Amino acid sequence: MPEKTKKTKIIKRIHVDADKCNGCRACEMICSAFHASPKYSTNNPARARIRVITDPLRDIYLPVYAGEYTPAECMGRNTYTLEGKFYDECAFCRAACPSRADFKEPDSGLPLKCDMCESVPEVDEPLCVKWCLVDALTYEEVEVEVDEAEEEPRPEEVELGLESLVDRFGMDKVLETVARLAKKD
Ligand code: SF4
Ligand code: SF4
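These numbers were taken from a predicted model, which means no experiment stands behind them.

### Structural notes on the site of ligand 1
In the neighbourhood of ligand 1, the contacting residues comprise Cys21, Asn22, Gly23, Cys24, Arg25, Ala26, Cys27, Val52, Pro63, Cys132, Val134 and Leu137. For the shell around ligand 1, the per-class residue count stands at nine nonpolar, two polar and one charged.

See below:
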């Protein structure tokens, strides 16, 4: 069998220490401001790619990052009890999913995904990490070996957005709208 070619890649990782989080939501504020267009022109936590589940009565402060868009709900849902605390349905899930409003643009419903603050020029660490003054969030980069052939290109944000529109309205409707908008210009 031919030997698989290996290469290394950098995995960006944020460690969440939920025991340190105080629910201030500075991470949500800075994330939405950093991703506004132009940068820092507006700020709206509903557009953040991190969500802090905050329930003081249950002593729950849980930062959750926006992960992948999914067009379909799971067949079942989970609730958890951890150290005596009850966590609501899907609390730990990162998906932009049709079952809920989390991790979607509030106006358009387009999915939001944490991009680890990729930008030009580069930032030295994600903005949510920088602004978490109690160090509930910490950032690290680790190098891992992967098979070259198994590495798939990541879908771009615009592709994810289009995919979600196609799932909701159908390809014909999306194409028709794009054609109409292109004519307007
Ligand atoms: S900034 Fe830090 S302490 Fe504040 S809500 Fe976010 S994770 Fe929690
Ligand atoms: S890493 Fe960047 S994009 Fe991701 S939640 Fe934090 S501020 Fe938002």
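What follows picks up the thread again.
### A closer look at the environment of leucine 160
Secondary-structure assignment places leucine 160 in helix α3 (residues 157-169). With 148 residues separating them in the primary sequence, leucine 160 and lysine 12 have C-alpha atoms 21 Å apart. Every residue in contact with leucine 160, bar those within four places of it in the chain, is listed here: Glu68, Tyr69, Pro111, Lys113 and Pro155.

### Regarding the packing of aromatic side chains
In this structure the tally under the stated criterion is three aromatic pairs. For the ring pair tyrosine 87 and phenylalanine 92, a centre distance of 5.1 Å and an interplane angle of 50° mean the geometry is tilted. A relative accessible area of 34% places phenylalanine 92 in the partly exposed class. Each residue in the set Tyr80, Tyr87 and Phe92 is aromatic and connected to the rest through ring pairs, giving one cluster.

### Quick word on the pattern of salt bridges
Tallied over the full model, the rule gives 13 salt bridges. Close ionic contact of arginine 58 with aspartate 55 constitutes a salt bridge, the shortest N to O distance being 2.6 Å. The partly exposed category is assigned to arginine 58, whose relative accessible area is 28%. Using a relative accessible area of 18% as the deciding quantity, one classes aspartate 55 as buried. One connected set of salt bridges, linked through shared partners, spans Arg51, Arg100 and Asp102.

### Here we look at the site of ligand 2
Looking at ligand 2, the residues that line it are Ile14, Cys31, His35, Arg49, Ile50, Tyr65, Cys114, Asp115, Met116, Cys117, Pro126 and Cys128. For the shell around ligand 2, the class distribution of residues is nine nonpolar, one polar and two charged.

About the thresholds
- Residues numbered from 1 in each chain as written.
- Chains lettered and ligands numbered in written order.
- Predicted model: local features only at pLDDT ≥ 70, side-chain atom pairs only at ≥ 80, totals over all residues.
- Heavy atoms only, no water.
- Near = heavy atom within 4 Å.
- Nonpolar A, V, L, I, M, F, W, Y, C, P; charged D, E, K, R; others polar.
- Helix = DSSP H or I, 4+ residues; strand = E, 2+ residues; numbered from the N terminus.
- Contact = heavy atoms within 4.5 Å.
- Phe/Tyr/Trp six-rings, centres within 6.5 Å; stacked < 30°, edge-to-face > 60°.
- Buried < 20%, exposed > 50% of the residue type's maximum accessible area, 1.4 Å probe, protein only.
- Salt bridge = Lys/Arg side-chain N within 4 Å of Asp/Glu carboxyl O.

Geometric values such as these leave the question of function open.
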